[in-house]
Amino acid sequence: MPPRFASDLRAAIDRLRRELLGARNADGAWGYYRGKSSRLEPTCWTLLALSTQIDQRPPPDPDPAIAWLERCDRANGWLVEHEEWPFNIAYNALATFTLLSRSDAAAALGRRLLATVIASKGLSAPQENAMRQNNSLQGWSWIDGTFSWVEPTCWGLLALKKARTAGIVDAQAAARIDEAERLLIDRSCQPGGWNFGNASVMRQDLRPYVPTTALGLLAMQDRRDTDAVRRGLSTLDSRWPEERSASSLGLSLISLGVHGQPTDRVAQALVDHAADAITFGNHHGLAVALFALSSLGQRHVFAL
């Protein structure tokens, strides 16, 4: 690592960390922006990012963000920020992954939430002649009673695979992993990578996007022998410069690193982008960037 880059990297990490620590809400968690109500996605990503900061003081015991997640636990088994809101399945799976990645008492909430995630399925749909994909495959949806989408399915897979590494996956969970992998392979775009939902509509191929492709590759990292993963890696490696946001660059850096691909260029791009990301102020993006830069070159929770 060149000395100048190492210095810039350390400065970017410090700025991102200070910004997130200074933006914590009074309830202990994080919203998408300063002054906004706490939400699952930025809170979970910030917990993941701060866990990489080995030189920081440990959070209070119990961690106020974990206590906030526990207050979101509802009678129906889902985490919901407000009682009147529908539950977001994708970010519940993200929360499961986050909690199961911890070694403290928070993992118990993750294990309870895991059962709820396993039982959730996106709807199957009638097969249409104009669609080449298999509509009978069921992964995870954004909200209950709807079709499977790529991002929720990726988070569901990551949560179940994290549980598998801990030895807490049963036959039902193993079957869910198998079907979700088949869904992602089926939904792979023609050039490689993933769109948000389908690979084609009305016989028109859809383009892959960088964040969904990076997330798909993380979820499918143990299936590197499949054509979908090989083509996805090629797509991510060539297209990450086209989508320059903190979350897109951060996910690209994490995913390429997990797959053992060169990361120098995307790491430099993310360091260069850090100041703009802080100005924009989206805490989800800042946390993804902080995690990606802090764990650069190290084995971390996404390496299953």
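What comes next concerns the included structure. (Residues numbered from 1 in each chain as written. Predicted model: local features only at pLDDT ≥ 70, side-chain atom pairs only at ≥ 80, totals over all residues. Heavy atoms only, no water.)

## Considerations on helix α8 (residues 210-219)
- Summarising burial for α8: nine of the ten residues are buried, a large majority.
- Regarding α8, the residues found buried are Val210, Thr212, Thr213, Ala214, Leu215, Gly216, Leu217, Leu218 and Ala219.
- The elements touched by buried residues of α8 are α6 (150-165), α7 (171-186), α9 (227-239) and α10 (246-258). (Buried < 20%, exposed > 50% of the residue type's maximum accessible area, 1.4 Å probe, protein only. Helix = DSSP H or I, 4+ residues; strand = E, 2+ residues; numbered from the N terminus. Contact = heavy atoms within 4.5 Å.)

## Digging into the pattern of salt bridges
- One pass over the full model with this rule turns up 15 salt bridges.
- Across the pair Arg10 and Asp14 runs a salt bridge whose closest N-O atoms are separated by 2.9 Å. Taken together, the positions of Arg10 and Asp14, both in helix α1 (residues 3-22) and four residues apart, correspond to about one turn of that helix.
- Taking relative accessible area as the criterion, Asp14 reaches 27% and is therefore assigned partly exposed.
- Salt bridges linked by common partners bring Lys161, Arg164, Glu181, Asp222 and Arg223 together as one network. (Salt bridge = Lys/Arg side-chain N within 4 Å of Asp/Glu carboxyl O.)

## Here's the deal with the layout of surface pockets
- When its volume is computed, the second largest pocket comes out at roughly 230 Å³.
- What lines the second largest pocket is a set of 13 residues, and nearest its centre among them are Glu41, Glu151, Pro211, Leu251 and His284.
- Split into classes, the residues belonging to the lining of the second largest pocket amount to eight nonpolar, three polar and two charged. (1 Å grid on protein atoms, 1.4 Å probe; cavity = no way out; pocket = protein on both sides within 12 Å on 5 of 7 lines; lining within 4 Å. Points joined across faces, edges and corners; volume = space filled by probe spheres on them. Nonpolar A, V, L, I, M, F, W, Y, C, P; charged D, E, K, R; others polar.)

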